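Here is what each chain is made of, one letter per residue.
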Amino acid sequence: MKDKDRVLQALAGRNAGTAPVIPLSFSQICHLQQMEPIDLAYDPTPLANLLQQTTQLFGFEAIGILNDLAILPEAAGCVLDWDAPWKPRIASRVTAEQVLDLNPAQVLEQGRFPVVLEVIRRLKVVAGRDRALVGILPEPFTLRDSLIAEMQPGYLEVSLYQKISQLLIEALRKLCENGIDAVIMVADHCTHGDQGPFVQTAAKICKFFGVKSIFYCRSTECSQSHGTAFDAVVRLEPTDGLDSKIRRGTVLRGRKDLAGAQNGALFYVFDEDLEPDLARDPGQLRELMELIKGS
Ligand SMILES: [Zn+2]
Ligand SMILES: [Zn+2]
């Protein structure tokens, strides 16, 4: 079976043999090439080539495109600090009023979002035949956190929620149109309020395009089911007692998660931002990948 089919099978809740690994990489590929992120970020040719090479090097079954949650804030007018270590940092944010004035279609033509789409189109031609192409987006509250300065925690008024959701739905549609096989929506906190309308629309679009949907909660104390509309949920640690219909993914965390391979994890996510030391150490990461495949 192709690696890509194993990923899709795992996301459909079926055991695909050894659990396939979906990497969330961007800084990792820059580090491996000893390049600064800014020298790669705007050029789809080396980005596509290096994503493909990194996937081959470690034997990942998927290619995550692209693990930088500053892409949409940048397109929406935030200013990035490219000298920050590891990841570009959002140096200046926009106001809620500016967000309300955004035109989603225009935003998605700015910054690096067109680069992301071009990378997907290029990878689709060769690497994407055998490996699953996985788009990466923040969920609405996580995008709000990075877009807007000085918001009350947990506060998101309806009009702002609708605008941010619109932007994300348009972004998702474009990722789907350009050929992703799955999308992973990243949440920086577990307790981000009711996401009902957004989740329903996002799931509908994914179904229409035949794209698998994954919700990824980065909270260490995840206690929510996170929308049964998605095909799969990824947590830092698998938690019992949550909706068993949701496919269980888990995050690859050093060696200790190897036990998880025999523990009901259908697939893994390797997140360079949670495991930066592992991401910087190709020898150790390869060893880990070999252990997973051998188990
Ligand atoms: Zn948050
Ligand atoms: Zn959670």
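On a predicted model such as this, the values are computed, not experimentally measured, just so you know.

Visitor: Any chance you could explain the overall build of the protein chain here in plain terms?
Guide: The number of helices and strands found in the protein chain is 15 helices and 10 strands. Taken over 295 residues, the protein chain has a buried fraction of 56%. A separation threshold of at least 6 residues defines the contact pool for the protein chain, and within that pool the share at least 24 residues apart is 68%. For the protein chain, the exposed area adds up to about 12,500 Å²; of that, 47% sits on carbon and sulfur atoms.

Visitor: How should the pairing of strand 5 (residues 132–138) be read in this particular structure?
Guide: A regular strand places its side chains so that they alternate between the two faces of the sheet. Within strand 5, 7 of the 7 residues are buried, leaving the element largely enclosed by the surrounding structure. Alternating positions in strand 5 separate into two faces, Ala132, Val134, Ile136 and Pro138 on one and Leu133, Gly135 and Leu137 on the other, with burial throughout. Relative to strand 5, strand 2 (residues 62–65) runs parallel, the two being bridged by 4 bridges. Paired with isoleucine 65 across the strands is glycine 135, a residue of strand 5.

Visitor: Sorry if this is basic, but what is going on with the pattern of salt bridges here?
Guide: Charged atoms that come close allow side chains of opposite charge to pair. Within the structure shown, the criterion is met by 18 salt bridges. The salt bridge partner of aspartate 68 is arginine 112, with a shortest N-O separation of 2.9 Å. Of this pair, aspartate 68 sits in the loop between strand 2 and helix 5 (71–75) while arginine 112 is found in the loop between helix 7 (104–107) and helix 8 (113–125), placing the two residues 44 residues apart along the sequence. Here aspartate 68 matches arginine 112 in class, with each residue buried.

Visitor: Would you mind going over the layout of surface pockets with me for this structure?
Guide: In this approach the atoms are scanned with a rolling probe the size of a water molecule, which exposes any empty space left behind. Estimated volume of the largest pocket: approximately 330 Å³. Together, 16 residues line the largest pocket, and Leu69, Ala70, Pro88, Ile90 and Ser146 are the ones closest to its centre. Contributing elements (two or more residues each) for the lining of the largest pocket: strand 4 (89–92) and helix 10 (140–147). Among the elements that make up the lining of the largest pocket, the one with the highest residue count is helix 10 (3 residues). Its residues placed into classes, the lining of the largest pocket shows 5 nonpolar, 3 polar and 8 charged.

Visitor: Honestly, the environment of asparagine 178 in this entry has me stumped. Any pointers?
Guide: Turning to its location among the elements, asparagine 178 is positioned in the loop between helix 11 (158–177) and strand 6 (182–187). The spacing of asparagine 178 and valine 119 is 59 residues in sequence and 9.5 Å in space, taken between C-alpha atoms. Setting aside its immediate chain neighbours within four residues, asparagine 178 contacts Leu117, Ile120, Arg121 and Lys124. At 2.8 Å, the side chain of asparagine 178 forms a polar contact with the backbone oxygen of lysine 174.

Visitor: In this structure, what is going on with the nonpolar core? I would like to understand it.
Guide: In a soluble, globular protein the nonpolar side chains are often hidden away together inside. Judged by nonpolar contacts, the single largest core of 69 residues is most densely connected at Ile65, Leu123, Leu137 and Leu147. The next biggest cluster of nonpolar side chains, apart from the first, holds 21 residues, and it includes Ala10, Leu11, Ala232 and Phe267.

Visitor: I tried to follow empty space enclosed by the protein on my own but got confused; where do I start?
Guide: Inspection of every chain in the model, using the stated rule, returns 2 cavities of 30 Å³ or more. In this structure, the largest cavity encloses a volume near 100 Å³. Along the walls of the largest cavity sit Ile65, Leu66, Asp68, Leu69, Ile71, Leu72, Phe113, Val116, Ile136, Leu137, Pro138 and Leu175, which together make up its complete lining. Of all the elements in the fold, those that place two or more residues in the lining of the largest cavity are helix 5, helix 8 and strand 5. For the lining of the largest cavity, the element with the most residues is strand 5, which contributes 3 residues. Its residues assigned to classes, the lining of the largest cavity comprises 11 nonpolar, no polar and 1 charged. Roughly 40 Å³ of internal volume is contained in the second largest cavity. Forming the boundary of the second largest cavity are Pro23, Ser25, Leu51, Thr54, Thr55, Phe60, Ile63 and Gly64.

Visitor: What exactly am I supposed to notice about the packing of aromatic side chains here?
Guide: For any pair of aromatic rings, the description rests on two quantities: the centre-to-centre distance and the angle between the ring planes. By the definition in use, this model includes 6 aromatic pairs. When the centroid spacing of 5.1 Å and the interplanar angle of 85° are considered together, the rings of phenylalanine 208 and phenylalanine 209 count as edge-to-face. On the basis of relative accessible area, phenylalanine 208 is assigned to the exposed category, the value being 68%. A cation over an aromatic ring shows up here: arginine 112 above the ring of tyrosine 42, its NZ or CZ 5.9 Å from the ring centre.

Visitor: Quick question: what am I supposed to make of helix 10 here?
Guide: A turn of α-helix holds 3.6 residues, and therefore any two residues three or four places apart point the same way. Most of helix 10 is tucked away: 7 of the 8 residues are buried. Every buried residue of helix 10 is listed here: Pro140, Phe141, Thr142, Leu143, Arg144, Ser146 and Leu147. Of the residues flanking the start of helix 10, the one acting as N-cap is glutamate 139, its side-chain oxygen 3.1 Å from the backbone nitrogen of phenylalanine 141.

How each quantity is defined
- Residues numbered from 1 in each chain as written.
- Chains lettered and ligands numbered in written order.
- Predicted model: local features only at pLDDT ≥ 70, side-chain atom pairs only at ≥ 80, totals over all residues.
- Heavy atoms only, no water.
- Helix = DSSP H or I, 4+ residues; strand = E, 2+ residues; numbered from the N terminus.
- Buried < 20%, exposed > 50% of the residue type's maximum accessible area, 1.4 Å probe, protein only.
- Contact = heavy atoms within 4.5 Å.
- Areas by Shrake-Rupley, 256 points an atom, 1.4 Å probe, with all protein chains shown as cover.
- Pairing = 2+ DSSP bridges.
- Salt bridge = Lys/Arg side-chain N within 4 Å of Asp/Glu carboxyl O.
- 1 Å grid on protein atoms, 1.4 Å probe; cavity = no way out; pocket = protein on both sides within 12 Å on 5 of 7 lines; lining within 4 Å.
- Points joined across faces, edges and corners; volume = space filled by probe spheres on them.
- Nonpolar A, V, L, I, M, F, W, Y, C, P; charged D, E, K, R; others polar.
- Polar contact = N/O pair within 3.5 Å; in protein donor to acceptor, adjacent residues only side chain to side chain.
- Core = buried A, V, L, I, M, F, W, Y, C linked by side-chain atoms within 4.5 Å.
- Phe/Tyr/Trp six-rings, centres within 6.5 Å; stacked < 30°, edge-to-face > 60°.
- Lys NZ or Arg CZ within 6 Å of the ring centre and 35° of its normal.

It is worth stressing that arrangement in space is one thing and function is another; only the former is reported here.
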